[in-house]
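# Breakdown of the fold
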Amino acid sequence: MAFKDIGLQVFNQLLEYILKKQNKRANIVVETSGDTGPAAVTAVKGSSFVNIFCLYPYKRVSPMQELQMTTIQDDNVSIYRTEGTSDEQASVLKELFSNNEFSSKYNLCSINSINWFRVASQCSYYVWSYLQVYGTPLSIGKLVNFSVPSGALGNAAGGFIAKRMGLPIGKIICATNANDIVHRTISQGDLSMGTNLQTLSPAMDIQYAYNLERVLYYICNENSSIIKDIMTNVEKQFKYESNAPKVQLDSIIVNRLQETFLSCSVSDDSTLKMINEFYINYQVVLCPHSAIGVYASQYVFKHILTDPTINVLTAHPAKFEQIINQAIGKQYELPNQVKELYTKPQRFNWLHKSSENWRDEWI
């Protein structure tokens, strides 16, 4: 399980309800850096109303995440192993969805956090966790902070929307790995894409955090003209244009961001340290993504924040067996249902970079 399973299970139920009433069928196209793919295909497998086409980057997801996708045999599920990065996959999908005629003809939809429903549904557990701290009814004036492992910023965007809806949230810590586009944007206003680096937390190996556009829209008082100017240059980077300019936010926008958000980047060494320390102290095993959020709250911002801080965890540690073994210094015992995946047949298609026009070929 991952936090994305919550939003995607709800999404599929609602989608099937609507499609059944309209007597239609939808084609979901999704790309994953690790956790979205397994959650998405599990949510819709066997559906009579939905086909799903899922792309994942070869050797950039954990072996368990890969098996969670490639061992699904349902006819409505098509898995594509690519030679790209998650950012390259996302750029292809964005181009695909920008073709309105094609999207309409094949009734395309997305299940990534680019889909607004994903973010909206994720608001719910911010409210739930707040109530676990202070109880009901809402204790007006009593604040709580959240520390959120951040890649495309969908999870933290859910918390941001919950705060705008009135939930008493103080700060939202956005903790990234070495792919620090979110951290650089919040701390410096630098919205420029960097090189996509492979880390121990693959689901966050992202340099194009598309939910930043949503957050900035509200930060800028819903002024679409300002956002258009910013995102026009960001899109040039996302299309990998050679003359794409650097993108630097105005200091006023950065200050507005920092009214809600704090951020930091956590190294692989610190991630392993946190997994080991948490296991020794609490006999609880954190996945590498969760460890990044906990490290940020325990080491980076512990003495800055006075209100309670809730760590938003991301995925079951069994998905990252080799990393967990390295961190805790012994063999992590996998659940039986996870072990069974290694015995099942796999099914997938390849998307190679066979020429300079590989994007067009993939589409």
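Everything below is about the structure printed above this text.
Residues numbered from 1 in each chain as written. Predicted model: local features only at pLDDT ≥ 70, side-chain atom pairs only at ≥ 80, totals over all residues. Heavy atoms only, no water.

## Quick word on the sheet that holds strand β7 (residues 261–265)
- The strand order across the open sheet formed by four strands is β7-β6-β5-β8, and the pairing between neighbours is parallel. The open sheet terminates on both sides in strands that have one partner only, identified here as β7 and β8 (309–311). For this sheet, the mean angle separating the axes of adjacent strands, direction not counted, is 20 degrees.
- Strand contacts of helix α9 (residues 181–188): β6 (169–176) and β7, with the helix running at about 130 degrees to β7, the strand carrying the most contacts. (Pairing = 2+ DSSP bridges. Helix = DSSP H or I, 4+ residues; strand = E, 2+ residues; numbered from the N terminus. Axes fitted to C-alpha atoms, helices over the stretch in contact; angles between N-to-C directions. Contact = heavy atoms within 4.5 Å.)

## Remarks on the packing of aromatic side chains
- Enumeration according to the criterion identifies 13 aromatic pairs in this entry.
- Seen from their ring centres, Y125 and Y126 are 5.4 Å apart, and the 25 degrees between their planes marks the pair as stacked.
- Given the relative accessible area of 14%, Y125 is considered buried.
- Given the relative accessible area of 1%, Y126 is considered buried.
- Pairwise contacts between aromatic rings join F160, Y217, Y218 and F261 into one cluster.
- Sitting over the face of the ring of F348, R81 holds its NZ or CZ atom 4.0 Å from the ring centroid. (Phe/Tyr/Trp six-rings, centres within 6.5 Å; stacked < 30°, edge-to-face > 60°. Buried < 20%, exposed > 50% of the residue type's maximum accessible area, 1.4 Å probe, protein only. Lys NZ or Arg CZ within 6 Å of the ring centre and 35° of its normal.)

## Let's talk about the environment of N23
- Relative to the assigned elements, N23 resides in the loop between α1 (3–22) and β1 (26–31).
- Each C-alpha atom of the pair N23 and F49 lies 8.5 Å from the other, and the pair is 26 residues apart in sequence.

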